[in-house]
Amino acid sequence: MKKSMATVFLSILFACKIFSQALNFAAEETYIAYYPASSYANIREYNIQHKKECGNLQKDVESLKTKIKSAKYAEEKFQIKNFFSAEESLFKEGKSVNGSYDLLTSEQASLQLAEELFSSVMGTSVKFYVQGEKIQMTFDGTRLSFGTHNCENGYRKGNSVILEWPNRISKMELSFSRKNPATEAIAQLVEEKIQSPEKSEEEIDYLKNAYPELIGIEKKLQDDCDIERLKHLAYYGNLIEEYKEKTGHYPLQNGSEKETYTLIFNGIQKEFSEDTNPNPHDLVSAKDFFAEIEKGLVRKVDQLYDPQYVPTTRPVFYIYMVRKDSYYFAVHLSKYYPFSTRIAANYYKVQVSNKSYPASKIYTIKQLEEDPNFKQAVSKPFANEKYFLERRKKHLREY
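Here goes a summary of the coordinates provided.

What counts and how
Residues numbered from 1 in each chain as written. Predicted model: local features only at pLDDT ≥ 70, side-chain atom pairs only at ≥ 80, totals over all residues. Heavy atoms only, no water. Axes fitted to C-alpha atoms, helices over the stretch in contact; angles between N-to-C directions. Helix = DSSP H or I, 4+ residues; strand = E, 2+ residues; numbered from the N terminus. Parallel < 35°, antiparallel > 145°, perpendicular 65-115°, else oblique. Left-handed = near helix turned anticlockwise from the far one by under 90°. Contact = heavy atoms within 4.5 Å. Nonpolar A, V, L, I, M, F, W, Y, C, P; charged D, E, K, R; others polar. Expected span 1.5 Å × (residues − 1). Buried < 20%, exposed > 50% of the residue type's maximum accessible area, 1.4 Å probe, protein only. Arc of directions from axis to C-beta. Polar contact = N/O pair within 3.5 Å; in protein donor to acceptor, adjacent residues only side chain to side chain. Phe/Tyr/Trp six-rings, centres within 6.5 Å; stacked < 30°, edge-to-face > 60°. Lys NZ or Arg CZ within 6 Å of the ring centre and 35° of its normal. Core = buried A, V, L, I, M, F, W, Y, C linked by side-chain atoms within 4.5 Å. Pairing = 2+ DSSP bridges.

## Quick word on the packing of helix H5 (residues 216–247) against helix H8 (residues 372–379)
Where H5 meets H8, the axes come as close as 8 Å, and the angle between the chain directions of the two elements is 120°. If you check the angle between H5 and H8, you find them oblique. For the element pair H5 and H8, the recorded crossing hand is left-handed. On H8, the residues touching Ile 227, Leu 230, Lys 231 and Ala 234 of H5 are Phe 374, Ala 377 and Val 378. Partitioned by chemical class, the residues of the contact of H5 with H8 number 6 nonpolar, no polar and 1 charged.

## Re helix H1 (residues 57–69)
Taking 1.5 Å of rise per residue, 13 residues should cover 18 Å, and H1 covers 18 Å from first to last C-alpha, within 8% of that figure. Where H1 is concerned, the buried positions are Leu 57, Asp 60, Val 61, Leu 64, Lys 65 and Ile 68. Seen end-on, H1 carries its buried residues on one side only, within an arc spanning 140°. Opposite its buried face, H1 presents the exposed residues Gln 58, Lys 59 and Thr 66, each directed more than 90 degrees away.

## So, the side chain of Thr 183
Here Thr 183 is to be found in strand S11 (residues 183–184). Side-chain polar atoms of Thr 183 contact the side chain of Gln 49, separated by 2.4 Å. Here Thr 183 is in contact with Gln 49, His 50, Lys 51 and Lys 52, once residues within four sequence places are set aside.

## A closer look at the packing of aromatic side chains
Per the counting criterion, the structure on display carries 25 aromatic pairs. When the centroid spacing of 6.0 Å and the interplanar angle of 25° are considered together, the rings of Tyr 320 and Tyr 327 count as stacked. Take Tyr 320 and Tyr 327: they sit in the same class, and that class is buried. The rings of Tyr 235, Tyr 236, Tyr 250, Phe 289, Phe 290, Tyr 305, Tyr 318, Tyr 320, Tyr 327, Phe 329 and Tyr 399 are connected pair by pair, giving a single aromatic cluster. Lying across the ring of Tyr 250, Lys 244 places its NZ or CZ 5.5 Å from the centre. In this structure, Arg 391 is placed above the aromatic ring of Tyr 309, and the distance from its NZ or CZ to the ring centre is 3.6 Å.

## Examining the side chain of Thr 105
Position of Thr 105 among the secondary structure elements: in the loop between strand S4 (96–104) and helix H3 (111–122). On the accessibility criterion, Thr 105 (1% relative accessible area) is buried. Other than its neighbours up to four places away in sequence, Thr 105 contacts Ser 39, Asn 82, Phe 83, Phe 84, Leu 113 and Lys 208.

## Focus on the nonpolar core
Counting residues in hydrophobic clusters, the biggest one holds 45 residues, and the most contacted among them are Phe 118, Met 122 and Met 137. At 6 residues, H3 tops the list of elements feeding residues into this core. If we skip the residues at most four places from it in the chain, Met 122 touches Ile 32, Met 137, Phe 139, Leu 144, Phe 146, Leu 174, Phe 176 and Arg 178. Within the second largest apolar cluster, 39 residues are counted, among which are Tyr 250, Ala 286, Tyr 318 and Tyr 337.

## A closer look at the pairing of strand S1 (residues 25–35)
Taking burial as the measure, the 11 residues of S1 include 9 buried ones, the bulk of the element. Bridge analysis of S1 against strand S2 (residues 40–51) gives 10 bridges, and the strand direction is antiparallel. Within S2, the residue paired with Glu 29 across the bridge is Tyr 46. As consecutive antiparallel partners, S1 and S2 are separated by 4 residues, and within that stretch Ser 39 has a phi angle of approximately 55°, a positive value. The pairing of S1 with strand S10 (residues 172–177) spans 6 bridges and is antiparallel. Bridging across to S10, Tyr 34 finds its partner in Met 172.

## Things to note about the environment of Asn 266
Mapping Asn 266 onto the fold places it in the loop between strand S13 (259–264) and strand S14 (281–283). Given the relative accessible area of 1%, Asn 266 is considered buried. When residues no more than four places from it in sequence are discounted, the contact partners of Asn 266 are Tyr 305, Tyr 309, His 395, Glu 398 and Tyr 399. Of the polar contacts made by the side chain of Asn 266, one reaches the backbone nitrogen of Ile 268; its length is 3.0 Å. At 2.9 Å, the side chain of Asn 266 forms a polar contact with the backbone nitrogen of Gln 269.

## Section: unusual backbone geometry
Cis peptide bonds are those with omega within 30 degrees of zero, and the linkage from Tyr 211 to Pro 212 qualifies with 0°. Inspection of the secondary structure puts Pro 212 in the loop between helix H4 (201–209) and H5. Even without a glycine there, the phi angle at Ser 39 is positive, about 55°. Examined against the element boundaries, Ser 39 turns out to sit in the loop between S1 and S2. Unusually for a residue other than glycine, Ala 71 sits at a positive phi of about 55°. Here Ala 71 is to be found in the loop between H1 and helix H2 (73–78). Under the relative-accessibility criterion, Ala 71 is labelled buried at 4%.

Dropping the structure here:
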């Protein structure tokens with residue numbers, strides 16, 4: 001975004017005095033853009049200068065360049081707990097040196113997350129509230145001046161500033177400026193553009209969705225459980241397609257607009273497998289689901305269940321859903337895979353369907369089984385294979 005000081009917002013209310021104490025640099029103007037649905041934020045600093053009373057100019061600028069190249073500068077400077085740098089750059093525009101930092105988070109969008117971001121970057125405590133159809137941001141506005149923003153409204157109440165955005169906004173942006181006394185220019189030491197390596201879509205997906213990771217004994221157990229769950233997903237996907245090939249339709253398919261669900265759980269998991277879907281739907285028991293498949297295939301089939309009996313951060317049942325001419329089958333995992341969708345911390349979902357929606361990470365079983373990442377995942381050896389074979393055998397004829 002080009003530097004813009006022309007649009008002055010509430011500038012008559014504030015003196016420009018506060019500046020960042022992190023590292024030995026201060027920016028004349030800072031821009032923040034937060035995209036809640038994309039788990040992404042962009043911070044831009046304009047006219048970055050070195051604080052005279054701190055450190056050594058040349059050494060500090062070289063350190064700045066090194067941190068930018070490894071995408072570590074923004075994390076160290078702003079100390080935003082739940083955001084981390086993906087890409088960073090430092091470049092000259094005229095006599096100014098500017099920085100741009102692309103940040104990602106693996107946390108779900110929330111007012112608390114927005115508070116953390118804006119508080120850390122602005123250097124003052126920020127609070128967000130939902131007021132009817134508006135999102136309000138309040139903070140002590142002493143000493144800050146504002147430029148570019150996409151607020152619908154902004155006003156002062158005593159020393160507090162209240163800014164308003166429409167609810168469900170896709171981007172919240174704001175720039176602010178401050179006077180930085182006792183600084184010196186760094187433009188003479190920044191000749192070429194400095195930037196960190198560009199991340200691929202796969203790398204960005206990983207950074208946004210893979211954290212936090214399990215550790216210790218829990219990780220070892222859940223790594224094995226995930227292998228078993230993915231094997232089960234392949235089993236059910238192929239079983240459903242075999243049923244379709246023999247009968248001409250999918251299990252429980254009736255052409256209805258209403259969704260039909262089956263929660264696939266064993267007797268031990270039953271008490272933890274409540275149907276909480278608030279939308280209108282028909283629920284068919286796992287017993288009837290297996291009976292339908294066996295009737296269509298004219299043979300007995302193995303009944304495979306999540307290897308975990310009691311839920312921790314994710315459900316312990318599999319889900320089959322059919323509506324009109326489409327079906328979906330989902331299992332729940334403990335960690336990130338390139339083909340999984342993050343629901344919450346240590347809770348991921350993988351889905352197969354008769355229709356492919358790669359952007360939503362929904363695949364046909366054929367697509368998934370041909371995916372190198374899936375092949376690698378299901379081919380990993382168990383740390384304790386005997387345990388899973390015994391548990392699988394115990395429930396093969398549950399119904």
